[in-house]
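Here are the chains, one letter per residue:
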Amino acid sequence: MARAAMSYTSGAHSSYPVQALADAEPTPFWLTDPGRPAAEPALVGDETCDLLVVGGGYSGLWTALIAKERDPQRDVVLIEGAEVGWAASGRNGGFCAASLTHGLGNGMARWPGELAKLEDLGIKNLDAIEHAVARYNIDCDFERTGEIDIATEQYQVAELKEAAKDAADLGLTRHRFLDRDELRAEIDSPTFRAGLWDRDGVAMLNPAKLAWGLKQACLGFGVRIYERTRATGLTSDGMGMAVRTPYGRIFARHVALGTNAFPSLVKRVRPYIVPVYDHALMTEPLSDEQLAAIGWKNRQGLSDSNNHFHYFRITADNRILWGGYDIVYRYGGGVRTEYDQHPATYEKLARHFFRCFPQLEGLRFTNAWGGAIDTCARFSAFFGTAYAGRVAYAAGYTGLGVGATRFGADVMLDLLAGERTERTELEMVRSKPLPFPPEPLRWAGIGITQWSMTRADTHGGRRNLWLKAMDKVGLGFDS
């Protein structure tokens, strides 16, 4: 059948995809940049501050920066267990989306009554990121080119048309449905059938450079940053909090936790988070002839519409990042460096790449890497406080943290201030996802869900009884 012939899952039949991986370095491309800043010294001894931020990724960096923007006199300390931007913030795909709900479909299913408000807040949040990049002169290759969701199967065409109608009903004018010919005029692949272009709701950027730029902006505001300083414990201390580190302690009035996929210092938060591993490949730069063969003149971000989906984009120097598809969960939910590498996924991704772009055979991959994503059951961030409001947390971004973490930072600061704002009044902010069950039920449930999602992708999108039951109770699994 023609549909099967165009499926990603059929792969490329030649041996070239594997050969193209032969020289790929097992390191995140973004973190090899020669402009990577030196780490700040570790904390030795005791510190005091008004606000302690734990975590040097986007979540923590935005929280520290916005705290100083709100009150330049506020004494802020940020600690990071390794180096700023080394984890998810330095190894993601660089899709900075306005969506706070992991897309319109997920938002419609969970918060239909406030989705228009969430979309408005999401666009304002993306605008604020763009303004911050300009204000602090952050050189992160920011391009607000939008993103196209792509149908590679016929049943997905109808789904994209329905999504376009939902967007129009919400008054969103930035979405445009593209038929096959219109889509292939934007980016040419024999696997593409239709697309939905969010023309202004996604920016492409260099994720590590964004993190490093935010770090510099924080330092410029007087934030004291300690790297290679892991938080090992959190306890009450009078009217404030105390955080232990390997060689010292920090006493703070308030603490904001931006640890995401790593185990939360607030233990009751841990069942809500499952760390899953996502992987990506980076090609060598494309020649002018190779670029002409695929088009892509408008440089949008791209993702297909499968359950096991690919995301791909073009970089400032005309490389292609190609990631996603497999969602790798390790029994027990640990986050370890050795989990970053998954050769079987790299081979699968390479085969899918050349199935999508057969005109690029001959291109080679320079980097292959992975990293942990903080998935929760509703696919989008949740928020809360602990220790009588002295500690705030935001987690569960499920792959959309490049943009949504700035919104999460605002929410955490609102919660710590005890303020009622348009953000804290949202049902999305006031509610929690369902927790994941303990092991071994978690492992078994994720395995069944993975199998069911793969089956749906190869059976016209039809969801089996297991997926329908998970949908009904609101317990999902995505990346």
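This report concerns the structure included in the present document. (Residues numbered from 1 in each chain as written. Predicted model: local features only at pLDDT ≥ 70, side-chain atom pairs only at ≥ 80, totals over all residues. Heavy atoms only, no water.)

1. Observations concerning the overall build of the protein
No. 1: Helix and strand counts for the protein come out as 15 helices and 18 strands.
No. 2: Computed over its C-alpha atoms, the radius of gyration of the protein comes to 22 Å, within 12% of the 23 Å expected for a compact globule of 479 residues.
No. 3: The buried share of the protein, taken over its 479 residues, is 58%.
No. 4: For the protein, long-range pairs separated by at least 24 residues make up 77% of all intrachain contacts whose partners lie at least 6 apart in sequence.
No. 5: With an accessible surface of roughly 19000 Å², the protein has 53% of that area assigned to carbon and sulfur atoms.
No. 6: Distance between charge centres in the protein, computed from 53 positive and 58 negative side chains, equals 5 Å. (Helix = DSSP H or I, 4+ residues; strand = E, 2+ residues; numbered from the N terminus. Rg over C-alpha atoms; globule rule 2.2 N^0.38 Å. Buried < 20%, exposed > 50% of the residue type's maximum accessible area, 1.4 Å probe, protein only. Contact = heavy atoms within 4.5 Å. Areas by Shrake-Rupley, 256 points an atom, 1.4 Å probe, with all protein chains shown as cover. Lys, Arg positive; Asp, Glu negative; His and termini not counted. Charge placed at Lys NZ, Arg CZ, Asp CG, Glu CD.)

2. Structural notes on the nonpolar core
No. 1: Ranked by size, the top nonpolar core spans 53 residues in total, and within it Leu51, Trp62, Leu210, Leu214 and Phe383 carry the most contacts.
No. 2: A per-element tally of this core places helix H12 (residues 401-417) first, with 8 residues.
No. 3: Every residue in contact with phenylalanine 383, bar those within four places of it in the chain, is listed here: Tyr393, Ala394, Tyr397, Phe407, Gly408, Val411, Leu415, Met428, Val429 and Lys432.
No. 4: Leu21, Ala24, Leu286 and Trp322 belong to the second-largest nonpolar core, a separate cluster that totals 33 residues. (Core = buried A, V, L, I, M, F, W, Y, C linked by side-chain atoms within 4.5 Å.)

3. Examining helix H11 (residues 343-356)
No. 1: Across its 14 residues, H11 extends 20 Å between first and last C-alpha, which sits within 8% of the 20 Å expected from 1.5 Å per residue.
No. 2: Considered for burial, the residues of H11 that qualify are Thr345, Tyr346, Leu349, Ala350, His352, Phe353, Phe354 and Cys356.
No. 3: Those residues of H11 that are buried are in contact with helix H2 (16-19), strand E12 (274-283), strand E14 (310-314), strand E15 (320-324) and strand E16 (365-375). (Expected span 1.5 Å × (residues − 1).)

4. Let's talk about the sheet that holds strand E6 (residues 194-198)
No. 1: As summarised here, the arrangement of the 8 strands in space is E5-E6-E4-E13-E14-E15-E12-E16, forming an open sheet in which the pairing is mixed. Of all strands in the sheet, those with a lone pairing partner are strand E5 (175-178) and E16, marking the two edges. Neighbour-to-neighbour, the strand axes of the sheet open up by a mean angle of 20°, direction not taken into account.
No. 2: Pairing between E5 and E6: 4 bridges, direction antiparallel. Residue pairing in the sheet places arginine 176 in a bridge with tryptophan 197 of E6.
No. 3: Docked against the sheet, H11 engages E12, E14, E15 and E16, running at close to 50° with respect to E12. (Pairing = 2+ DSSP bridges. Axes fitted to C-alpha atoms, helices over the stretch in contact; angles between N-to-C directions.)

5. Description of the packing of aromatic side chains
No. 1: One pass over the structure, following the stated rule, counts 23 aromatic pairs.
No. 2: Aromatic pair tryptophan 86 and phenylalanine 262: ring centres 6.2 Å apart, planes at 45°, arrangement tilted. Residue tryptophan 86 is found in the loop between strand E2 (76-79) and helix H4 (88-91), and its partner phenylalanine 262 is found in the loop between strand E11 (248-257) and E12; the two are separated by 176 residues along the sequence.
No. 3: Here tryptophan 86 falls in the partly exposed class, since its relative accessible area comes to 26%.
No. 4: Between phenylalanine 95 and tyrosine 311 the ring centres are 6.0 Å apart and the planes differ by 80°, which places this aromatic pair in the edge-to-face class. A residue pair is termed long-range when its members are at least 10 positions apart, and phenylalanine 95 in strand E3 (residues 95-97) and tyrosine 311 in strand E14 qualify at 216 residues.
No. 5: The buried category is assigned to tyrosine 311, whose relative accessible area is 11%.
No. 6: Through a chain of ring-to-ring contacts, three or more aromatic side chains come together here, namely Tyr16, Phe192, Trp296, Phe312, Trp322, Phe353, Phe354, Phe357 and Phe365.
No. 7: The ring of phenylalanine 379 is capped by arginine 110, whose NZ or CZ atom sits 5.4 Å from the centre of that ring. (Phe/Tyr/Trp six-rings, centres within 6.5 Å; stacked < 30°, edge-to-face > 60°. Lys NZ or Arg CZ within 6 Å of the ring centre and 35° of its normal.)

6. Structural notes on the packing of helix H3 (residues 58-70) against helix H9 (residues 207-220)
No. 1: Between H3 and H9, the shortest axis-to-axis distance is 9 Å and the interhelical angle comes to 30°. With respect to H9, the element H3 is oriented roughly parallel. The hand of the H3/H9 crossing is left-handed. Residue-level inspection shows Tyr58, Leu61, Trp62, Ala64 and Leu65 of H3 in contact with H9, the latter providing Pro207, Ala208, Leu210, Ala211, Leu214, Lys215, Ala217 and Cys218.
No. 2: Taken together, the residues that form the contact of H3 with H9 break down as 12 nonpolar, no polar and 1 charged. (Parallel < 35°, antiparallel > 145°, perpendicular 65-115°, else oblique. Left-handed = near helix turned anticlockwise from the far one by under 90°. Nonpolar A, V, L, I, M, F, W, Y, C, P; charged D, E, K, R; others polar.)

7. Some thoughts on helix H6 (residues 115-135)
No. 1: Counted at 1.5 Å a residue, the expected span for H6 with its 21 residues is 30 Å, and the 30 Å between its end C-alpha atoms agrees.
No. 2: By the burial criterion, the buried members of H6 are Leu115, Leu118, Glu119, Leu121, Gly122, Ile123, Asn125, Leu126, Ile129, Ala132 and Val133.
No. 3: The positive-phi residue at the C-terminal boundary of H6 is asparagine 137, with phi of around 55°.

8. Side note on the state of the cysteines
No. 1: Counted by the stated rule, this structure contains 0 disulfides.
No. 2: Here cysteine 140 stays free of any disulfide, with the sulfur of cysteine 96 as its closest cysteine sulfur at 8.3 Å. (Disulfide = S-S within 2.5 Å.)

9. Details of the pattern of salt bridges
No. 1: All told, the structure shown has 31 salt bridges when counted by the stated rule.
No. 2: Residue aspartate 23 pairs with arginine 364 through a salt bridge whose shortest N-O separation is 3.4 Å. Taken as a pair, aspartate 23 in the loop between H2 and strand E1 (45-54) and arginine 364 in the loop between H11 and E16 lie far apart in primary sequence, 341 residues in all.
No. 3: The exposed category is assigned to aspartate 23, whose relative accessible area is 54%.
No. 4: With a relative accessible area of 26%, arginine 364 lands in the partly exposed category.
No. 5: The partner of aspartate 75 in a salt bridge is arginine 224, and the shortest N-O contact between them spans 2.5 Å. Of this pair, aspartate 75 sits in the loop between H3 and E2 while arginine 224 sits in strand E8 (residues 224-226), and the two are 149 residues apart along the sequence. (Salt bridge = Lys/Arg side-chain N within 4 Å of Asp/Glu carboxyl O.)

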